[in-house]
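Descriptive analysis of the structure
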Amino acid sequence: MTPRTFPQDFLFGAATAAYQVEGAWNEDGKGVSVWDVFSHQPGNILNDYNGDIGVDHYHRYKEDIAFMKWLGLDAYRFSLSWTRLFPEGRGAVNQKGIDYYHRFIDELLKNGIEPWITLFHWDLPQALEDEYGGWRNRKIVVDFSAYAELVAREYSDKVSHFFTINEFLCFIDKCYGMGKVFDAFPPAACVSRKELNQARHHAVLAHGMAVEALRANAKQPLQIGLAENVVTCVPLIETEEHIDAARKAFRQMNAPYMTAVMEGCYIDAYLEKEGADAPSFTDDEMNVVGAPLDFVGNNLYFSVYIEKSDTPCGYREVPLSRSHPRFGMSWLSFGQSSLYWAPRFSQELWDVKNFYITENGCASDDFPSYDGKIYDTERIALLRGNLEHVSRVLAEGYPLKGYFAWSLLDNFEWCYGYSRRFGLAYVNFSTLERTPKMSAHWYRQVIRERRIV
Ligand code: PNW
């Protein structure tokens, strides 16, 4: 295949998450999530912003789906709000919430856009955090799989693609590993190393249980995967010895999550490093953690550069230079080759046959210009360059099947609130009016022509 073009069946999409866009935080019987509570406590979020209104996707979904259709999206990746379905996290269901997502999914289907549902994108029911400490307690596994079961029973006749959990690495470590500092996630706890590793274990176990619950209750054969922000190890210099070192680093640095899920075990290097703080687990649990997946999704934003070294592990992380460019977030350093190496290493290490880039994008300082247009030139430059790496993956025959831009529209960027704009559409946060940015025009043309334009 010719580089710079994409096969007709290559899937182009865009992604969002419920708490970041929906708003309607207490409407139609919805319960409260940890993010509702956290964002209402002064000091947790920049400028004390909150997601009460979000970008009102809950009410404006028809308009937003019309925008998706204009873009030509093949698929839309969005998450369900657990507390719309189970206001208390478990037990009684909320029919109005169930009906809402039916209408939402129907509207997508009517417009020829595949719904790709994420079960959990961080908005844990507050009731479960209060009752037993959320992911710190093994009880979460039971409640999460009951939630997955309900979702499969309700929606799996209409929806065939499901993600269990978005980014173990981000939310577990930020919820329980950092304490009360800026950019920690609710409940901003700082537990012992042992408890943190145990929470990580509960998360991968809950993922595996949800895979089984989705399959057991599915009304059609489903495609099930996850969306993880792996530590994207890439060789700084592409020679065989550094590539081998980066591959090894990729497996080891993702040991608690991605590697555990793909291999159904915790690798020795991880267990040895954690020693007495390693999680407690059984063989049966690890079989569940390693439940076979239909696809792997990675949220890819930046690279961690690796070189071979003479240390016992055989690799070392290369520090970024002080002037290394960043795109709107301190962690979002320029590192496009992650889009190439993540699918390649996933295939080489774990024989992944269907790989999707489930988030990719940047925050930029967008505003309407004198003519009302939003000239987000750096987003176009960055994404165009990123797609060069996507086409390299395809040209070399690695099994990359699709790409989702983060995000469909500007939204609530967690602790940074509305101060960071990741969208393809600009949102005026006072009027909630949407305007496609120049990058939306660019992406639309890419999708239409199936080539980098
Ligand atoms: C992802 N990091 O978060 C999330 O899935 C989205 O909800 C979020 O809006 C988007 O990326 C942009 O931030 C990340 O520190 C947060 O490496 C932090 C990191 C990576 C991803």
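Above: the structure in question.
Residues numbered from 1 in each chain as written. Predicted model: local features only at pLDDT ≥ 70, side-chain atom pairs only at ≥ 80, totals over all residues. Heavy atoms only, no water.

**Considering the site of the ligand**
In the region of the ligand, 16 residues are neighbours, and Gln20, His121, Glu359, Glu413 and Trp414 sit closest. With respect to the ligand, the side chain of Glu167 contributes an N or O atom lying 3.3 Å from an oxygen atom. In the model, an oxygen atom of the ligand is placed 3.1 Å from a nitrogen or oxygen of the Tyr301 side chain. When its residues are assigned to classes, the shell around the ligand shows 8 nonpolar, 5 polar and 3 charged. (Near = heavy atom within 4 Å. Polar contact = N/O pair within 3.5 Å; in protein donor to acceptor, adjacent residues only side chain to side chain. Nonpolar A, V, L, I, M, F, W, Y, C, P; charged D, E, K, R; others polar.)

**Quick notes on unusual backbone geometry**
Of note, the amide linkage connecting Pro186 to Pro187 takes the cis form, showing an omega dihedral of 10°. On the secondary structure map, Pro187 appears in the loop between helix H8 (168–176) and helix H9 (193–216). Here Trp406 and Ser407 are connected by a cis peptide whose omega angle stands at 15°. With respect to the helices and strands, Ser407 occurs in the loop between strand S11 (400–406) and strand S12 (425–427). One non-glycine residue, Ala188, lies in positive phi territory at about 50°. Looking at where Ala188 falls in the secondary structure, it is placed in the loop between H8 and H9. For Arg450, which is not glycine, the phi torsion reads 55° and is therefore positive. Inspection of the secondary structure assignment puts Arg450 in the segment after helix H16 (438–449). (Helix = DSSP H or I, 4+ residues; strand = E, 2+ residues; numbered from the N terminus.)

**A closer look at the nonpolar core**
Within the largest apolar cluster, 139 residues are counted, with the highest numbers of intra-cluster contacts made by Trp35, Leu85, Trp135, Phe144, Phe171, Val390 and Tyr403. Counting residues per element, this core draws most heavily on H9, which supplies 10 residues. The contacts of Val390, once residues within four sequence positions are left out, are Phe6, Phe10, Leu339, Ile357, Leu400 and Tyr403. (Core = buried A, V, L, I, M, F, W, Y, C linked by side-chain atoms within 4.5 Å. Buried < 20%, exposed > 50% of the residue type's maximum accessible area, 1.4 Å probe, protein only. Contact = heavy atoms within 4.5 Å.)

**Description of the pairing of strand S8 (residues 304–308)**
Judged from the 3 bridges that link them, strand S6 (residues 233–235) and S8 form a sheet pairing that is parallel. Bridged to Cys233 within S8 is Val304. Here S8 runs beside strand S9 (residues 315–317); their pairing, made up of 3 bridges, is antiparallel. Opposite Glu307, over in S9, you have Arg316 as the bridge partner. Counted along the chain from S8 to the antiparallel partner S9, the turn is 6 residues long, and its residue Gly314 has a positive phi close to 90°. (Pairing = 2+ DSSP bridges.)

**Description of the pattern of salt bridges**
Scanning all chains against the criterion turns up 33 salt bridges. Notably, a salt bridge pairs Arg193 with Glu274, separated by 2.8 Å at the nearest N-O pair. Of this pair, Arg193 sits in helix H9 while Glu274 sits in helix H12 (residues 268–274), placing them 81 residues apart in sequence. A residue is classified by how much of its surface remains accessible, and Glu274, at 7% relative accessible area, is buried. One salt bridge in this structure joins Asp366 and Arg379, with 3.2 Å as the shortest N-O distance. Of this pair, Asp366 sits in the loop between strand S10 (355–359) and helix H15 (377–395) while Arg379 sits in helix H15, and the two are 13 residues apart along the sequence. This pair shows no difference in class: Asp366 is buried, exactly as Arg379 is. Put simply, Asp366, Asp376, Arg379, Asp410, Arg421 and Lys437 are held in one network by salt bridges that share partners. (Salt bridge = Lys/Arg side-chain N within 4 Å of Asp/Glu carboxyl O.)

**Looking at H15**
Taking 1.5 Å as the rise per residue, H15 with 19 residues should run 27 Å; its terminal C-alpha atoms sit 27 Å apart, in good agreement. For H15, the elements touching its buried residues are helix H14 (338–350), S10, S11 and H16. A positive phi of about 85° marks Gly397, the residue just after H15. (Expected span 1.5 Å × (residues − 1).)

**Considering helix H5 (residues 95–110)**
Taking 1.5 Å of rise per residue, the 16 residues of H5 would be expected to cover 22 Å, and the 22 Å separating its terminal C-alpha atoms lies within 8% of that figure. Within H5, the full set of buried residues consists of Gly97, Ile98, Tyr100, Tyr101, His102, Phe104, Ile105, Glu107 and Leu108. Next to the buried residues of H5 lie helix H3 (57–71), strand S2 (75–79), helix H4 (82–85), strand S3 (114–120) and helix H7 (139–155). One or two positions beyond H5, positive phi appears at Gly112, with a value near 75°.

**Comments concerning the packing of aromatic side chains**
In the structure shown here, the tally under the stated rule is 56 aromatic pairs. When the centroid spacing of 4.0 Å and the interplanar angle of 25° are considered together, the rings of Tyr58 and Tyr100 count as stacked. Highlighted residues: Tyr58 in helix H3 and Tyr100 in helix H5, separated in sequence by 42 residues. You can call Tyr58 buried: its relative accessible area is 4%. Relative accessible area serves as the criterion here: at 1%, Tyr100 is assigned to the buried category. Between Phe295 and Tyr356, the ring centres sit 5.5 Å apart and the planes meet at 85°, which makes this aromatic pair edge-to-face. Of this pair, Phe295 sits in the loop between helix H13 (283–289) and strand S7 (296–299) while Tyr356 sits in strand S10, and the two are 61 residues apart along the sequence. Since its relative accessible area comes to 10%, Tyr356 is described here as buried. A connected cluster of aromatic rings, assembled from ring pairs, spans Tyr19, Trp35, Phe38, Tyr49, Trp122, Phe185, Phe412, Trp414, Tyr418 and Phe429. It is Arg77 that lies over the ring of Phe163; its NZ or CZ is 4.8 Å from the centre. (Phe/Tyr/Trp six-rings, centres within 6.5 Å; stacked < 30°, edge-to-face > 60°. Lys NZ or Arg CZ within 6 Å of the ring centre and 35° of its normal.)

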